[in-house]
Each structure stands twice: as structure tokens, then as C-alpha cells.
Amino acid sequence: MNQLQPRATRALITGGAGFIGSHLSEYLLDQGQEVHVVDDLSTGSIENIDGLRGRAGFGHTIADVREEPLLAELVDRADVVYHLAAAVGVRLIVENPVRTIETNIGCTEVVLKMANKKRKKVVIASTSEVYGKNDAVPFQEDHDLVMGPTSKARWSYACSKAIDEFLALAYQRARGLPVVIARLFNTVGPRQTGRYGMVLPTFVRQALMGQPITVFGDGNQSRCFSYVGEVVKALAALAECPEAVGQVVNVGGREEITIAGLAELVKKLTGSTSAIVKVPYDQAYEEGFEDMARRLPDVSKLERLVGFSPAMDIGAIVESVVADFRER
Ligand code: UDP
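All values derive from a computational prediction rather than experimental measurement.

What about the nonpolar core?
- One finds Y82 and L238 to be the most contacted residues of the largest nonpolar core, which totals 36 residues.
- Element by element, the count of residues in this core is highest for helix 8 (residues 228-239), at 8 residues.
- The contact partners of Y82, leaving out residues within four places of it in the chain, are A11, L12, I13, T14, L24, L28, V123, L235, A236 and A239.
- Within the second largest apolar cluster, 26 residues are counted, among which are A78, V81, A115 and V248.

In C-alpha cells:
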């Protein structure tokens, strides 16, 4: 190797065989970085990283992040840790709240502990879910978090991720560990599965199979979807941004669409004859389920820090997901 050439950055990605993690792995490899993935394949899948397995600089370990000796070794070999391993998807959370809480808090505890021992930077993937029922849109990072009661399983996800954020910021303040927290807003794109309740892959699968497209509630709730390729670029940029250390940063798109509007768009772009049906929340999730009416990020902090925010329009995003389903 040319001695003047700097060594490639080595990234450890927990949850790297998941939807976002696999795109991040691919992006970092394309940037000339080395990538090691640790994933227990609980919701991730080996197919997600199949295309990366032969690539120079790529490695993976199938294991639970909470295996401390293993994680210590992997963290030791990395320059930066992207912590994406978590229980995600509203369906999974409602159906398996114990796993959600234990995975989300337990994994983050171990990652931060090991990163602190080895003094390695950590980028934590958090979620817009932490804003909860706050209706002061667009959400800014220092807005209040408004949770529902503990009797409703949905809020366990938001609370577990909020604890992760508190812990990461505590490590940063009390121990000087460099951490960055990215709150991701409805990230979508190729390879995302609808198995855990995510709306876009669910709608696209329903439309392509001629099944009813299931809009939960009245369909007037809205979201801002962002393209995974842009989201992972933002995560990588945040990892390299010194001013982002100790910060919580929204990562999402600005374009708002209602879920009923999304159903119409998916139907149009697939040329589907599927009916669009409304399903009450009680039936879709559980008795008394609470949804967020609007969820919009204020992305000015992200733009100030890294110079861009996800901007792909929803039509192009849906097209990319449809093309991916057709290929599979
Ligand atoms: N949703 C829907 N039909 C589905 C799945 C989800 O109408 O088959 C709705 C869900 O109730 C929510 C929105 O789509 O209002 C986004 O859901 P998702 O689980 O993708 O993400 P969330 O924003 O809830 O984290």
C-alpha cells in the first residue's frame, strides 16, 4: 500500500442486515470505507447483504449485539459505530412489546458501553416516533416529547428510543463520548419489508397482487417519506461532521402526503385495479390504538450541519419501490 494514502475508515454497523443498515453498508463501501455488519437476523435478512458479501472491505457476523465480548472486539476494530440494531415496525411493537423494550434499550446500553471503553464515535439511529403525539409540526429537535399512557404498547417504542437518546447524551456529557443521534422519519425504499407493518411496502405488495389496499383510520393522517439512499448519505455525513457531536438531528423529507393520498398514488403508479379500503385502527392494531395525525420534520439543523436533506419526491420514491417488488 502507498504509505501516503490514508487508511480507509472502518465502520461497524449494528443491524447492518436490516433495510436501512444494508443500504448504509453499500453506500459506505462505495465511498471506499471498510464495513463490518453485526446482525442477529431477527428482522434483518441475509438476502439484504447478499450483494455485498463478496466485496473487498466487507465482513459480517451473525450475532446479537448484546454478546459483550464479541461486540467489544468488533468495536475495537472500528473507527465509527453506526447503531441501527433495534426492534422496529409498529406491528412488531404492538405484538411483541417485551422484545421491543429489551432489544432497544439492551442493545444501546452495550454499544455505548463498548464504544466508551474504546473511545469510538457512535451514530445512533433514533426515530421520529419519539415526538409522539406532539402536534406542533414541523418537529424541531428540542420540542417536547408527548407520549400516550403506558397501557398502550405503541408508546413503548418511543419511550425505549427516548431512553437510548438520554443514555447516549449522558455518555457524551458525562464521559466525553462522541455521539450523534439521528431521528429518522419514515424511511422507505427498495428491500423494505411490509412484514412489520410499514405502510409503503404493504401498499405496493397489495396493489401488485390485486388485493385491497388497506388504509388504517380515515386516511387523513400524514407522513413525510424519505428515500433510504438519501437517508444513509445523511447518516454518513453526520458521522463525519464534528459539529454534529452531542446533537440530536432530524433526518427526513419535507414533502407531506396523507396515507389516503399515498394509497391513490400507489394504485395509480402500479396501474392496479385494487380497491382502497378503510380499516379501523382497533382492527388493524389493537383496541384503543393511537396514531399520529401529522409527522413532519424541521430539517434545517441537518441542512446547516451537512448541507443537504432528503429531497426525492414521493412519486419517484414509490416508483423505486414498485420496480424493486417487480424485480423480486
Ligand atoms: N398504515 C396504513 N395501512 C397499512 C400500514 C400502515 O394505513 O397497511 C398507516 C399507519 O396507521 C400510519 C401510516 O400508515 O398512520 C404509517 O405507518 P408506518 O407503520 O409505515 O409508520 P409510522 O409512521 O406509523 O411509524
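What follows continues from the structure just given.
Structural notes on the sheet that holds strand 5 (residues 121-127)
- The strand order across the open sheet built from 7 strands is 3-2-1-4-5-6-11, with neighbouring strands paired in parallel fashion. Of all the strands in the sheet, just strand 3 (58-62) and strand 11 (248-251) have a single pairing partner and so form its edges. Sheet twist, expressed as the mean angle between neighbouring strand axes with direction ignored, is 20 degrees.
- Here 5 bridges tie strand 1 (residues 10-14) to strand 2 (residues 34-39), and the two strands are oriented parallel to one another. Residue R10 lies in a different strand from strand 2, and its bridge partner there is E34.
- Contacts between helix 5 (residues 97-118) and the sheet are confined to strand 1, strand 4 (80-83), strand 5 and strand 6 (179-184), with strand 5 contributing the most and set at about 160 degrees to the helix.
- Set on the sheet, helix 8 makes contact with strand 4, strand 5, strand 6 and strand 11; between it and strand 6 the angle comes to about 160 degrees.

Description of the state of the cysteines
- Counted according to the given criterion, the structure contains 0 disulfides.
- Between C159, a free cysteine, and C107, which holds the nearest cysteine sulfur, the sulfur-to-sulfur gap is 18 Å.

Points about the side chain of Q33
- Residue position: Q33 is located in the loop between helix 1 (19-30) and strand 2.
- Engagement of the side chain of Q33 in a polar contact is seen with the side chain of E240, the distance being 3.5 Å.
- With near-sequence residues (within four places) excluded, Q33 lies in contact with A8, T9, A11, L28 and E240.

Observations regarding the packing of helix 1 against helix 8
- Following both chains from N to C, one finds helix 1 and helix 8 inclined at 65 degrees, their axes separated by 9 Å at the closest point. It follows from the interaxial angle that helix 1 and helix 8 lie roughly perpendicular. Judged by the sense of rotation from one axis to the other, the crossing of helix 1 with helix 8 is right-handed. Facing F19, I20, H23, L24, Y27 and L28 of helix 1, the residues of helix 8 in contact are V228, V232, K233, L235 and A236.
- The class makeup of the residues in the contact of helix 1 with helix 8 is 9 nonpolar, 1 polar and 1 charged.

Thresholds, definitions, all that
Residues numbered from 1 in each chain as written. Predicted model: local features only at pLDDT ≥ 70, side-chain atom pairs only at ≥ 80, totals over all residues. Heavy atoms only, no water. Core = buried A, V, L, I, M, F, W, Y, C linked by side-chain atoms within 4.5 Å. Buried < 20%, exposed > 50% of the residue type's maximum accessible area, 1.4 Å probe, protein only. Helix = DSSP H or I, 4+ residues; strand = E, 2+ residues; numbered from the N terminus. Contact = heavy atoms within 4.5 Å. Pairing = 2+ DSSP bridges. Axes fitted to C-alpha atoms, helices over the stretch in contact; angles between N-to-C directions. Disulfide = S-S within 2.5 Å. Polar contact = N/O pair within 3.5 Å; in protein donor to acceptor, adjacent residues only side chain to side chain. Parallel < 35°, antiparallel > 145°, perpendicular 65-115°, else oblique. Left-handed = near helix turned anticlockwise from the far one by under 90°. Nonpolar A, V, L, I, M, F, W, Y, C, P; charged D, E, K, R; others polar.

These figures come from the coordinates and say nothing about function on their own.
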